[in-house]
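One-letter residues, chain by chain:
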Amino acid sequence: TQSTVEKTSVTLLGLGAMGTALARTWLAAGHPLTVWNRTPARAAALAAEGARVADSAAEAVAANTLIVVCLLDDTSVEEVLAGTDLADKDVVNLTTSTPAQARARAEWARRRGARYLDGGIMAVPPMIGVPEAGGYVFYSGSRELFEQHQETLAVPVGTTYVGEDTGFAALHDVALLSAMYGMFAGAAHAFALIRKEDIDPASLAPLLADWLVAMAPAVLRTADHLRSGDYTKGVVSNLAMQVAGTPTFLSTAEEQGVSPQLLSPYFELMRRRLAAGSGEEDLTGVIDLLVH
Ligand code: FVH
C-alpha cells in the first residue's frame, strides 16, 4: 500500500475553492504536490504547507505524470492545457462539464498523447478530506487508468467508477444535481407557503427534511418500473388519485399568495400522462414525456 511505498506525486491545476481543498488533503497525506493557478496569490498558503508552486501550467504539467485539473469550466481547461505538453501524461479532469464536453476533451487529450479520466465531484469543498461527510467523485473513462490512480484519487474524497464511456461521470453528476435542484425547488415552494404566516421556518425545516428523506426511496421503485416496463408495480398512490389532488395544491398556493410556477410544469405532465390513459400507474410515466 502507499503507506509503505513512496506516495504518488501529483500536479494540480486550479486552486479555486475546490482545488485548494483537494490540495490540502494530498499534502496532509504526504503526496508530493505541484500546483499552478492563474492567479498566483491563491497558491501562497499552499506553498507554506509544502506544495511546490509552478510558474506556469506547462511547468506544472512537466513536473509529474498524474495531472489533476480542477478549473471553472471546459473552456478554461482547454485554455490552460493548450500550452502544455501532455505526451505520456495521465490527465484526471475534475472540472464540471457536460457528457459531450467530457468525451470531446478525452479525445482532445488522447490526440496530444495523454491518457484521460473524467470526474464529476459529488461534494462541496467542506466535505473534502472528511470521509464521514459521504462525498465522492464519479469517474469514467479508462478503467485501467482509474485503477492505477484510485488510491491517490481516494485521498481527498471517495471514488465511484461508472464506466468506460468518458461522458458517464458528467452524466451521473448532472443527473444527481438535477434531482437536487428539483428538491430545492419543492422546498422553496414549501417555505413560500408559510412565509407570511406565524410559522417559524425553523420549525418547518426538520419536518421538511424528514419528509424528503422518507420519500427519497421512491426512486428505487421508479427504477424498477423503468427496468420492467410495468409502471403499475407496487403502486401506492396512483396517478389518477394524485392528479385529483393537484387543484388543492394550486388553490393553497393561490390562497397563500404564492406563485405555482415551480409546481405547475410537473402537474401539467402528470395531467398529460393521465389523459393518455395511465391512471393506474405510478408517476414514472412522466419520465417518458420528458424524453424526445
Ligand atoms: N465549489 C463547489 O461547491 C462545487 C462542488 C462540485 C464541483 N464543483 C466544480 O469544481 C470545479 C472547480 O470549482 P471551484 O469551487 O474550485 O471554483 P472557483 O472557486 O470558482 O475556482 C475556479 C478556478 O478556475 C480558475 N479559472 C477560471 N477560469 C480560468 C481561465 N480562463 N484560465 C485559467 N484558470 C481559470 C480559477 O483561477 P483564478 O480565478 O483563481 O485565477 C480558479 O482556480 C468547477 O468545475 C465546479 O463546477 C465545485
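Residues numbered from 1 in each chain as written. Predicted model: local features only at pLDDT ≥ 70, side-chain atom pairs only at ≥ 80, totals over all residues.

You'll find the protein chain entered in an unreviewed UniProt entry as NAD(P)-binding domain-containing protein, with Streptomyces orinoci given as the organism. Comment text from UniProt for the protein chain, heading Sequence similarities (unreviewed entry), reads "Belongs to the HIBADH-related family." (UniProt positions renumbered as here; feature names shortened; annotations may be inferred.)

Regarding helix α7 (residues 168–194)
The terminal C-alpha atoms of α7 lie 40 Å apart, and with 27 residues this matches the ideal 39 Å at 1.5 Å per residue to within 8%. Those residues of α7 lying buried are Phe168, Ala169, Ala170 and Asp173. Summarising the contacts, the buried residues of α7 are in contact with α5 (99–111), β6 (115–122) and β7 (136–141). (Helix = DSSP H or I, 4+ residues; strand = E, 2+ residues; numbered from the N terminus. Expected span 1.5 Å × (residues − 1). Buried ≥ 20, exposed ≤ 12 C-beta atoms within 10 Å, placed from the backbone. Contact = placed C-beta atoms within 7 Å.)

Overview of the packing of α7 against helix α8 (residues 201–215)
Viewed as axis vectors pointing N to C, α7 and α8 meet at an angle of 145°, and their least axial separation amounts to 11 Å. Crossing hand, α7 versus α8: right-handed. Contact residues: Met183, Ala187, Ala190, Phe191 and Ile194 in α7; Pro201, Leu204, Leu208 and Leu212 in α8. (Axes fitted to C-alpha atoms, helices over the stretch in contact; angles between N-to-C directions. Left-handed = near helix turned anticlockwise from the far one by under 90°.)

Notes on the pairing of strand β4 (residues 66–69)
Going residue by residue along β4, you find Leu66 and Val68 tucked away on one face and Ile67 and Val69 tucked away on the opposite face as well. Across 4 bridges, strand β1 (residues 10–13) lies against β4 in parallel orientation. Residue pairing in the sheet places leucine 13 in a bridge with valine 69 of β4. Bridging between β4 and strand β5 (residues 90–93) involves 4 bridges; their strand directions are parallel. Along β5, the bridge assignment pairs valine 68 with valine 92. The parallel pair β4 and β5 is bridged by helix α4 (residues 74–82), and the resulting crossover is right-handed. (Pairing = 2+ DSSP bridges. Right-handed = clockwise from strand over helix to strand, strands pointing away.)

Some words on the sheet that holds strand β2 (residues 33–36)
On the basis of which strands lie adjacent, the open sheet formed by 8 strands has the order β3-β2-β1-β4-β5-β6-β7-β8 and mixed pairing. Looking at the sheet topology across the chains shown, the edges are occupied by β3 (52–53) and β8 (158–161). Bridge count for β6 against β7 is 6 bridges, and the pairing is antiparallel. Following the sheet pairing, isoleucine 121 is matched in β7 by valine 137.

With respect to the UniProt feature "domain: 6-phosphogluconate dehydrogenase NADP-binding" (unreviewed entry) in the protein chain
With numbering matched to this structure, UniProt assigns "domain: 6-phosphogluconate dehydrogenase NADP-binding" (unreviewed entry) to residues 10–153. Along residues 10–153 one finds 40% helix and 22% strand; the C-alpha atoms at either end are 10 Å apart.

What about the environment of alanine 100?
Mapped onto the fold, alanine 100 is located in helix α5. Considering only alpha carbons, one finds alanine 100 and alanine 58, 42 residues apart in sequence, at a separation of 26 Å.

Quick word on the site of the ligand
Surrounding the ligand, one finds 22 residues, the nearest of these being Gly16, Met18, Arg38, Thr39 and Thr96. When residues of the shell around the ligand are traced back to their parent elements, those giving at least two are α1 (17–28) and α4. Counted by class, the shell around the ligand contains 10 nonpolar, 8 polar and 4 charged residues. (Near = placed C-beta within 6 Å. Nonpolar A, V, L, I, M, F, W, Y, C, P; charged D, E, K, R; others polar.)

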